[in-house]
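Reading the structure
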Amino acid sequence: MQRKGGRRRDTGGPDAGGVEQVLDELYAMSPSAFVPHREERAAAARTAGRKEDARRIHAARRPTLAAWAANLLTRSRPEETRRFLELGQALREAHRTLDAAGLRELSAQRRRIVAALSRQAAQLAGEAGHRLSPAAQREVESTLRAVLADPDAAGQWAGGRLEVSLTPPSAFPSGTAAAEPARTAEPEPAPRPKSPRTAPVTRAEDEHAERRRKRQEELERAEREAESAAEHLRDARAEQRGAQESLHRADDELGRIRETVAAAEERLRETREDLDRAERERLAAQERHRTAADAVAGAEREARASTRRLDRLARRDRS
């Protein structure tokens, strides 16, 4: 089978449950909100030190509109999804066993259900604010046919994380069923020989029909390519907006850090000035202390000298 997208779930590794929940949230939301929410959750994981989780979240790609509608269908219609997956399993089994009767019945169901589910997907997308173009709705139908034909595609769609639409394998029968067993019947009458004038007209009509069919196929292919290019452009612009928002947040954070550093440097400068002033005041206090100590020593000497003179005078008076 030729795949155009889809992502397998990886449940291994630390914090895998949290990452899986984040991825489910991403692929369940509107495509316009995908990239901003992805960048926010990846940044939160990086801030929490979960680098591997942040890498996985950032690696998630925004789904195309058709893939998002297919994801929306399987999330919003679980019962229809279950029956559709069962139909695909039965159809693949009938094809393997060449059960012509069962294959005819299941193939008829396939056509009806694919058409009905693609209409449901378009309705759900419209209710969510995203109208599907004819090309996008054909991509949804292509994904649904792939789900019926390939169990791997069925698993991807059931996971609800398709990034782009799926293409069914060419080996899976696109018609009604295998050829019916031969039946005994009356031989048909031989066709009348065509007149010389009828054959060229028929060939011209066939050639015209073939050219018209090819032009229609080219038109449909061009529509799909245009839709895909538009989706890629929207993705790129969304990525650019997300990167611009991340840059703005980084600039804001850098500005806050610079302000914090500048405030810290100012406080450090003021603290150094306070330290220098305290050291000068301490030196001055030491000088005053020495001066006071010298004054005390001098006063003590004078006091002792005065005491001695007083004692001499007292003894002289007594004698």
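Residues numbered from 1 in each chain as written. Predicted model: local features only at pLDDT ≥ 70, side-chain atom pairs only at ≥ 80, totals over all residues. Heavy atoms only, no water.

Here's the deal with the environment of Ser 118
The following threshold applies: Numbering of helices and strands runs from the N terminus, with a helix taken as a DSSP run of H or I at least four residues long and a strand as a DSSP run of E at least two residues long. The contact definition used throughout considers only heavy atoms, calling two residues in contact when any of these lie within 4.5 Å.
Position of Ser 118 relative to the elements: it lies in helix α6 (residues 100-127). Between the C-alpha atom of Ser 118 and that of Glu 139, which follows or precedes it by 21 residues, the distance is 9.2 Å. With residues near it in sequence (within four places) discarded, Ser 118 still touches Gln 137, Val 140, Glu 141 and Leu 144.

Looking at the packing of helix α4 (residues 65-76) against helix α8 (residues 151-159)
Our working rule: Lines are fitted to the C-alpha atoms to define the axes, a helix being fitted only along its stretch in contact, and any angle between axes, read from their N-to-C directions, falls within 0 to 180 degrees. Just so you know how the angles are binned, under 35 degrees is roughly parallel, over 145 roughly antiparallel, 65 to 115 roughly perpendicular, and the rest oblique. Amino acids are sorted into nonpolar (Ala, Val, Leu, Ile, Met, Phe, Trp, Tyr, Cys and Pro), charged (Asp, Glu, Lys and Arg) and polar (every other residue, Gly among them).
At a closest axis distance of 8 Å, the pairing of α4 and α8 adopts a crossing angle of 75°. Classified by the angle between their axes, α4 and α8 sit roughly perpendicular to one another. Across the interface between the two elements, Ala 70, Leu 73, Thr 74 and Arg 75 from α4 touch Trp 157, Ala 158 and Gly 159 from α8. Among the residues forming the contact of α4 with α8, the class breakdown is four nonpolar, two polar and one charged.

Quick word on the packing of aromatic side chains
This is how the line gets drawn: Pairing of aromatic rings covers Phe, Tyr and Trp, the last through its six-membered ring, and needs centres within 6.5 Å; plane angles under 30 degrees mean stacked, over 60 mean edge-to-face, and all others mean tilted. Note on exposure labels: buried denotes an accessible area under 20% of the residue type's maximum, exposed denotes more than 50%, and partly exposed covers the range between, all computed with a 1.4 Å probe on protein chains only.
The final tally for this structure, using the stated rule, is two aromatic pairs. Ring geometry for Tyr 27 versus Phe 34: centroids 5.2 Å apart, planes at 65°, classification edge-to-face. Under the relative-accessibility criterion, Tyr 27 is labelled buried at 1%. On the basis of relative accessible area, Phe 34 is assigned to the buried category, the value being 0%. Centroid distance Phe 84 to Trp 157: 5.8 Å. Interplanar angle 75°. Geometry classified as edge-to-face. Of the two residues, Phe 84 is situated in helix α5 (residues 78-97) and Trp 157 in helix α8; the sequence distance between them amounts to 73 residues. When its relative accessible area of 1% is taken as the criterion, Phe 84 is described as buried. Assessed through its relative accessible area of 0%, Trp 157 is described here as buried.

Some thoughts on the pattern of salt bridges
Between side chains of opposite charge, pairing is possible as soon as their charged atoms come close. As a reminder of what qualifies: Any Lys or Arg side-chain nitrogen found within 4 Å of a carboxyl oxygen on Asp or Glu counts as a salt bridge.
Scanning all chains against the criterion turns up 15 salt bridges. Here Arg 75 and Asp 24 are joined by a salt bridge, their closest N and O atoms 3.9 Å apart. Taken together, the residues Arg 75 in helix α4 and Asp 24 in helix α1 (residues 16-28) connect sequence positions 51 residues apart. On the basis of relative accessible area, Arg 75 is assigned to the partly exposed category, the value being 32%. A salt bridge links Arg 41 to Glu 25; its shortest N-O distance comes to 2.8 Å. Here the residue Arg 41 occupies a position in helix α2 (residues 31-47), and Glu 25 occupies one in helix α1, the gap between them amounting to 16 residues. For Glu 25, a relative accessible area of 30% gives the class partly exposed.

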